[in-house]
Amino acid sequence: MAPALLLRGIVLVPLLALVPGAGRAAPALPFPQAIEISRRAADAVLRQTGSENCLRGKLTNAMVTLSDSCDASGRQDSLCRLADQVVMETSGLTMSVMEDTAQKLLRLTAGTDR
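Residues numbered from 1 in each chain as written. Predicted model: local features only at pLDDT ≥ 70, side-chain atom pairs only at ≥ 80, totals over all residues. Heavy atoms only, no water.

Caption draft 1: Inspection of the state of the cysteines at higher detail. Taken as a whole and judged by the stated rule, the model has 1 disulfide. Paired through a disulfide, C70 and C80 show a sulfur-sulfur distance of 2.0 Å. As the torsion about the S-S bond is roughly -80 degrees, the C70-C80 disulfide counts as left-handed. Here C70, found in helix α2 (residues 52-73), pairs with C80, found in helix α3 (residues 78-88); they are 10 residues apart in sequence, far enough to count as distant. (Disulfide = S-S within 2.5 Å. Helix = DSSP H or I, 4+ residues; strand = E, 2+ residues; numbered from the N terminus.)

So this is what it looks like as structure tokens:
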């Protein structure tokens, strides 16, 4: 529930109502753009260009972007299932799981137009 502005114990207006667009999700990126973001994150994981936490965040954010794009375009292929799986299991993303995921992602996107 959104925080509310209080004045003498009376709730006047939810704070999110004061911010235009607040509470609405951004539109999903086009599928090719989501793939490119995911490929860059996978490459960063495999090259280990950052701390494990940074790479986890980068890969997770990329998979959320890809999953959103899949949902918006109605896709349900292996790549979309991989993205959904990663999004649902972020707590178990060890470095080895991230590397495995990155390799799978790169294999699944090898024939896509970029």
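Caption draft 2: View of the confidence of the model for the chain. On average, residues of the chain score 83 in pLDDT, and 75% of them reach the 70 mark or higher. At the level of individual helices and strands, the chain shows its lowest average pLDDT in strand β2 (residues 10-14), which scores 47, and its highest in helix α1 (residues 31-47), which scores 97. For the stretch residues 11-19, pLDDT sits under 50, and the model shows 16 contacts to residues farther than four places along the chain or on other chains. (pLDDT = per-residue confidence, 0-100. Contact = heavy atoms within 4.5 Å.)

Caption draft 3: Structural context of the packing of α1 against helix α4 (residues 95-108). Interaxial distance between α1 and α4 falls to 9 Å at its minimum, and their mutual angle equals 135 degrees. Considered as vectors, α1 and α4 are oriented oblique to each other. In this structure, the crossing between α1 and α4 has a hand that is left-handed. Within the contact between the two elements, α1 uses S38, R39, A42, V45 and L46 and α4 uses M95, M98, E99, A102, Q103, L105 and L106. (Axes fitted to C-alpha atoms, helices over the stretch in contact; angles between N-to-C directions. Parallel < 35°, antiparallel > 145°, perpendicular 65-115°, else oblique. Left-handed = near helix turned anticlockwise from the far one by under 90°.)

Caption draft 4: Geometry of the pattern of salt bridges. One pass over the full model with this rule turns up 4 salt bridges. In this structure, D43 engages R47 in a salt bridge whose closest nitrogen and oxygen atoms are separated by 2.9 Å. Taken together, the positions of D43 and R47, both in helix α1 and 4 residues apart, correspond to about one turn of that helix. According to the relative accessible area criterion, D43 is partly exposed, its value standing at 33%. (Salt bridge = Lys/Arg side-chain N within 4 Å of Asp/Glu carboxyl O. Buried < 20%, exposed > 50% of the residue type's maximum accessible area, 1.4 Å probe, protein only.)

Caption draft 5: Here's a closer look at the environment of A44. Structurally, A44 can be placed in helix α1. Sequence separation between A44 and A102 is 58 residues, and the spatial gap between their C-alpha atoms is 8.9 Å. In this structure A44 touches T49, L55 and K58, once residues within four positions along its chain are discounted.

Caption draft 6: Main features of the nonpolar core. Counting 23 residues, the largest nonpolar core has F31, V45, M63, L66 and L105 as its most contacted members. Mapped by element, the contributors of at least two residues to this core are α1, α2, α3 and α4. Element by element, the count of residues in this core is highest for α1, at 7 residues. Here V45 is in contact with L55, L59, M95, M98, E99 and A102, once residues within four sequence places are set aside. (Core = buried A, V, L, I, M, F, W, Y, C linked by side-chain atoms within 4.5 Å.)

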